Every structure is written in C-alpha cells, then in structure tokens.
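# Coordinates in review
Residue-level listing of the chains:
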Amino acid sequence: NRLAFANWLSHHQDLKTQPHAQVMDAFRQSTATIGDETDLQTWVDQVIAANSPAVADYQQGKTAALGFLIGQVQRLASGRAAAAKVKDLLVKSLS
C-alpha cells in the first residue's frame, strides 16, 4: 500500500506542498476499503463471467476456488474491496 500511495502522490504534485493533515486525508481516501455493494457486485459478476473453471470447481465443492475468486475481485478493486462482503456476494451469486 505504501508503494501505491507513493505512486499516487507522485502524480498529485499539489499535495506535496499541502499541510500534513491534507496529505494524510488523501492517503486515507486512496487506501479506504470499498464496501459499496453496487461496486462489489459489479466486480463479482465480472469475475464469475471471466472465471468459469473456478466457478465450476467451487460448485463441485472445491472451496479453495472461492479464495481464488475473492482474489480476482480484489485485483479488480486494487486490493481495496471488503473481503467479507466479497465472499458473501460470491457465495450468494454462486448458489
């Protein structure tokens, strides 16, 4: 996350001259967990559509496939998706 923030900060030159509190607010916003179900469901739907072998594995009882699918959603969300909500949405969508 520090590397991602450093990259983000390098593209926002105006923040380098701003007071510490504003920079910290920007950092919190850039690393905040995404919990909005609409966004999460969109990513869940995309992951299910793009990973039919893993979906089939999960539906055949291979629970490790669920971890893979959660990871794919996290990849789309740049690691910021609320994992518990993603898991719930995946289980609901796959049942």
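As shown above, the structure is provided for reference.
This write-up is about the structure you can find in this document.

On to the packing of helix α5 (residues 64-76) against helix α6 (residues 83-94). Running from N to C, α5 and α6 point in directions that differ by 120°, and their axes come no closer than 10 Å. The orientation of α5 with respect to α6, classified from their angle, is oblique. Seen along the crossing, α5 lies across α6 with a hand that is right-handed. Note on element contacts: α6 touches α5 through A83, V86, K87, L90, V91 and L94, opposite L66, L69, I70, V73 and Q74. Residue composition of the contact of α5 with α6, by class: 9 nonpolar, 1 polar and 1 charged.

A separate point is α6. For α6, with 12 residues, the first-to-last C-alpha span of 16 Å sits near the 16 Å given by 1.5 Å per residue. Taken residue by residue, α6 has V86, L89, L90 and L94 as its buried positions. Burial along α6 is one-sided: seen end-on, the buried residues are contained in an arc of 120°. For α6, the exposed residues set more than 90 degrees away from the buried face come down to A84, D88 and K92.

About the cut-offs
- Residue numbers here run from 1 along each chain, matching the order of that chain's written sequence.
- Only residues with pLDDT of 70 or above have their local features reported here, since the model is predicted, and side-chain atom pairs are shown and tallied only from 80 upward, although totals for entire chains, interfaces and linings are computed over all residues.
- Hydrogens and water molecules were not included; the side-chain quantities draw on all heavy atoms of the structure.
- Axes, fitted as lines to C-alpha atoms, cover a helix only where it is in contact. Angles between the N-to-C directions of the axes lie from 0 to 180 degrees.
- Put simply, DSSP H or I for four residues or longer makes a helix, DSSP E for two residues or longer makes a strand, and each gets a number counted from the N terminus.
- Any angle between 65 and 115 degrees counts as roughly perpendicular, while under 35 counts as roughly parallel, over 145 as roughly antiparallel, and the rest as oblique.
- Helix crossings get a hand from a simple test, with the near helix turned counterclockwise from the far one by less than a right angle marking a left-handed crossing and a clockwise turn marking a right-handed one.
- Contacts are assigned to residue pairs with any non-hydrogen atoms lying within 4.5 Å of each other.
- Nonpolar residues are Ala, Val, Leu, Ile, Met, Phe, Trp, Tyr, Cys and Pro. Charged residues are Asp, Glu, Lys and Arg, and all others, Gly as well, are polar.
- Helices are assigned an expected span. That span is 1.5 Å times one less than the residue count.
- The buried label goes to any residue with under 20% of its type's maximum accessible area, the exposed label to any with over 50%, and the partly exposed label to all in between, with areas taken from a 1.4 Å probe on protein chains only.
- Starting at the helix axis, one direction is taken to each C-beta atom, and the arc is that of these directions.

Function cannot be read off these values alone, since they describe shape.
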